[in-house]
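Per-entry structural report
Spelled out from the first residue to the last, the chains are:
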Amino acid sequence: RMNRRVLQKVMQIHSEQGRGELDSFRSLEDVLTSRQIPFSKEEQKDATDVFAVIESLAKIDAINVTQRDVESGRVAQSALDAAIDMTSFLTEPQVGYFYFSSTLETSTVREVSKLVLFSLLTAADALERAHGPGHRVYVVIDEFQQIIANNLELVLRQARSKNISCILANQSIS
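Residues numbered from 1 in each chain as written. Predicted model: local features only at pLDDT ≥ 70, side-chain atom pairs only at ≥ 80, totals over all residues. Heavy atoms only, no water.

1. A few points about empty space enclosed by the protein
Here the structure, examined in full by the defined rule, presents two cavities of 30 Å³ or more. In this structure, the largest cavity occupies an estimated 50 Å³ of space. What lines the largest cavity is simply Leu-90, Ala-124, Leu-127, Glu-128, Gly-132, Pro-133, Gly-134, His-135 and Lys-162. Looking at which element gives the most residues to the lining of the largest cavity, the answer is helix H8 (residues 106-131), with three residues. Residue composition of the lining of the largest cavity, by class: four nonpolar, three polar and two charged. Every residue along the wall of the second largest cavity is listed here: Leu-117, Leu-120, Leu-121, Val-139, Val-155, Ala-159 and Ile-164. Counting only elements with at least two residues in the lining of the second largest cavity, the list comes to H8 and helix H9 (152-161). (1 Å grid on protein atoms, 1.4 Å probe; cavity = no way out; pocket = protein on both sides within 12 Å on 5 of 7 lines; lining within 4 Å. Points joined across faces, edges and corners; volume = space filled by probe spheres on them. Helix = DSSP H or I, 4+ residues; strand = E, 2+ residues; numbered from the N terminus. Nonpolar A, V, L, I, M, F, W, Y, C, P; charged D, E, K, R; others polar.)

Spelled out as structure tokens, the structure:
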């Protein structure tokens, strides 16, 4: 709950300052580390975890490519052209496979995996509002306890309501 309030404060102040869109975790991290946003000691303490997650996600180039990166020549246009459109999973029969290397930090894998699920749920919600439900989607999650943890019931309920079936596999739940 505190994390949400801190992030809302960041977005509101950043918007009020007219500093443009926060279009990547890298730009969000830049705002957080620039000290442009005044945080109380309590806010800093309570949001330490979310700040650490943002820092980890900002280091992953593949999820931080923006139009500015293309315009500056930092990356090729093909990087944006190859972006994964989660809505397409709901409108076109296909298989998507997301592999996360075991060399990545466990917390980074967990957060990126949650982003994939959140993006799919968000796309399903937007599609349903605009055009009605999309195709049934099956999501297979191996070692799900590493990703979903305490939010299992909530994730499954939200997925089911959006015509997304989840198949969960694990070695152990310890």
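2. Looking at the nonpolar core
Formed by 17 residues in total, the largest nonpolar core has its most connected members in Met-86, Leu-90, Leu-120, Val-137, Val-139, Ile-141 and Ile-164. Not counting chain neighbours up to four residues away, the residues in contact with Leu-90 comprise Leu-120, Ala-123, Ala-124, Leu-127, Gly-134, His-135, Val-137 and Ile-164. (Core = buried A, V, L, I, M, F, W, Y, C linked by side-chain atoms within 4.5 Å. Buried < 20%, exposed > 50% of the residue type's maximum accessible area, 1.4 Å probe, protein only. Contact = heavy atoms within 4.5 Å.)

3. What about a nonpolar patch on the surface?
On the surface, Tyr-138, Val-140 and Ile-167 cluster together to form a nonpolar patch covering roughly 340 Å² of accessible area. Of note, Val-140 is situated in strand E1 (residues 137-142). (Patch = residues over 30% accessible without salt bridge, like charges linked within 9 Å, V, L, I, M, F, W, Y side chains within 5 Å. Areas by Shrake-Rupley, 256 points an atom, 1.4 Å probe, with all protein chains shown as cover. Salt bridge = Lys/Arg side-chain N within 4 Å of Asp/Glu carboxyl O.)

4. Notes on the packing of aromatic side chains
Here the structure, examined in full by the defined rule, presents one aromatic pair. Summarising the aromatic geometry, the rings of Phe-39 and Phe-51 are spaced 5.5 Å apart at their centres and angled 55° between planes, so their arrangement reads as tilted. Pair noted here: Phe-39 is in the loop between helix H2 (25-33) and helix H3 (41-46) and Phe-51 is in helix H4 (residues 48-58), with a separation of twelve residues, a long-range link. Here Phe-39 falls in the buried class, since its relative accessible area comes to 15%. (Phe/Tyr/Trp six-rings, centres within 6.5 Å; stacked < 30°, edge-to-face > 60°.)

5. Let's talk about the pattern of salt bridges
Under the definition given, this model contains nine salt bridges. Asp-61 serves as the salt-bridge partner of Arg-26, at 2.6 Å between the closest nitrogen and oxygen. One end of the pair, Arg-26, is in helix H2; the other, Asp-61, is in the loop between H4 and helix H5 (67-71), with 35 residues separating them in the sequence. Given the relative accessible area of 45%, Asp-61 is considered partly exposed. Among the salt bridges present, the one from Asp-69 reaches Arg-74, with a minimum N-O distance of 3.7 Å. By relative accessible area, Asp-69 is classed as buried at 12%.

6. Thoughts on the pairing of E1
Burial along E1 is one-sided: Val-137, Val-139 and Ile-141 are buried, and none of Tyr-138, Val-140 and Asp-142, which face the opposite way, are. Of the strand pairs in this sheet, E1 and strand E2 (residues 164-169) are connected by six bridges, and their pairing is parallel. Residue Val-140 lies in a different strand from E2, and its bridge partner there is Ile-167. (Pairing = 2+ DSSP bridges.)

7. Side note on the side chain of Ser-113
With respect to the secondary-structure elements, Ser-113 resides in helix H8. For Ser-113, a relative accessible area of 5% translates into the label buried. Setting aside residues no more than four positions away along its own chain, Ser-113 makes contact with Phe-100 and Ile-147.

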